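What follows is the residue order along each chain.
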Amino acid sequence: MANRPVTIKDIAEKLSISVSTVSRALKNNPEISLQTREAVQKLAKELKYRPNPLAVALKTQKSNAIGVVVPQIVSSFYASVVKGIEQVADEHGYQIFVSSSNEKLEKEQKNVDGFLNMRMDGIILSLSRATNTYDHIHKIKEMGVPIVLFDRTSKELDVSKVVADDAAAAHAAVTHLFEGGAKRVAFLTGPEYMLYGVNRMRGYKQALADKGIAFDETLISRCEFTVDSAKQATMDLLSRSNRPDAFFAINDELAIGAIMATKELGFKIPEEVAVVGFSNSRRSRYMEPSISTMDQNPKLVGREAANLLFEQMEDKPDSDKIKEAVVHADLIIRASSEK
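Within each chain, residue numbers correspond to sequence positions counted from 1 in written order. Restriction of local features to residues with pLDDT of at least 70 applies here, the model being predicted, together with a cutoff of 80 or more for giving and counting side-chain atom pairs; totals for whole chains, interfaces and linings are based on all residues. In computing side-chain properties, one takes all heavy atoms of the structure into account and sets aside hydrogens as well as water.

1. Considerations on the nonpolar core
Residues belong to one nonpolar core when they are buried, are Ala, Val, Leu, Ile, Met, Phe, Trp, Tyr or Cys, and are joined through side-chain atoms within 4.5 Å. Burial here depends on accessible area, computed with a 1.4 Å probe over protein chains only, as a share of the maximum for the residue type. Under 20% is buried, over 50% is exposed, and the range in between is partly exposed. With 46 residues, the main nonpolar core has L177, V185, L188, Y204, F247, F248 and L254 as its most contacted residues. Secondary structure is summarised from DSSP: a helix means a run of H or I of at least four residues, a strand means a run of E of at least two, and numbering begins at the N terminus for each. Take this core: its biggest share by element is 6 residues, from helix α8 (residues 166-179). Any pair of residues with heavy atoms lying within 4.5 Å of one another is described as a contacting pair. For L188, the residues in contact, after removing those within four places along its chain, are S221, C223, A230, A233, T234, L237, F247, F248, A249, I250, L254 and A258. Counting residues in hydrophobic clusters, the runner-up holds 25 residues, among them Y94, V162, A306 and L309.

Structure (structure tokens):
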């Protein structure tokens, strides 16, 4: 026993009683005599017995745990979302298990399979940048496991979601740049299939239209989601004769790349080139200059996602309906755009 966890069978053998008696005694079942219950519970404590959560889940079909899959475990945005989820889970007496896809579809699929095998009572997930097929999400639904997507979602998935008002947020960011004197605002974005990118593009275009400025396709740069990719894209844009005088980046990583390239080329920020990012990451606060950005209120995103999940798990009225919660994003103005 020293080299393995103590089981109910071990306790039963030591007390010469049945496994079912031990099981009921541990649950304080009144059908078992007080003397037996006390003996079982005393020995269980001495042997440091702990119930096997997987065995309990298999028997009860309930694990009192939810799985959370995020694209990046080190992201301050996703860390804050997880905090919000954890707050709500604690209120319901639930544990959360968090895994990262590392922006890979295969890892995301593996995480989902693992959580399903662990009999998680529900799953909260944000799609990786590489996710463009959804069989693993359909599998969750087919197995009857409640699911909520957040931040990165897809129109192709008929599940409850928590999203930022991406179009309105992008509109606010770009309008801020125009109001600061910008005439040509470039947009550093990602792959066309990503829903939040589509929505932020919509907000970008609407801000142009509201200012009576024609949309210029040459100011759109589709980058990999890395600082280096954004830096190279910014270098290319700023090297043109009709260069942009401001950048709106779909996330703070791309905004950092834009700032690095702008500084390397000798342009003054924000006097000659202004920059606004998205996410309010830790790095955005401590860059030189600090980066203006959209704060997505991630802790609230997490709480909303968890609340939607528990509605499904607890079979509350209308819990079978697909719902979408929209969390407002706030513009934070810092040195990169404050003129």
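Picking up where we left off.
2. Some words on the pairing of strand β5 (residues 160-164)
The element β5 is extensively covered by neighbouring structure, given that 5 of its 5 residues are classed as buried. In β5, alternate side chains face the same way, and those of S160, V162 and A164 on one face and K161 and V163 on the other are all buried. Pairing analysis gives 3 bridges linking strand β4 (residues 147-150) to β5, with the strands arranged parallel. Each bridged residue has a counterpart across the sheet, and for V148 the counterpart in β5 is S160. DSSP calls a pair of strands paired once it identifies at least 2 bridges connecting them. Two elements, β5 and strand β11 (residues 324-327), share 4 bridges in a ladder whose sense is parallel. In the strand pairing of β11, V162 is matched with A325.

3. Describing unusual backbone geometry
As a rule of thumb, non-glycine residues mostly have phi less than zero, and peptide bonds are mostly trans rather than cis. That bond from I269 to P270 is cis: its omega, 5 degrees, falls within 30 degrees of zero. With respect to the secondary-structure elements, P270 resides in the loop between α11 (252-264) and β9 (274-276). A cis geometry characterises the amide bond from E288 onward to P289, with omega recorded as 0 degrees. Mapped onto the elements of the fold, P289 is located in the loop between α12 (282-286) and β10 (293-295). A positive phi angle, close to 55 degrees, is found at S16, a residue other than glycine. Following the sequence through the fold, S16 ends up in the loop between α1 (8-15) and α2 (19-26).

Note that all results are geometric; they support no functional claim without further evidence.
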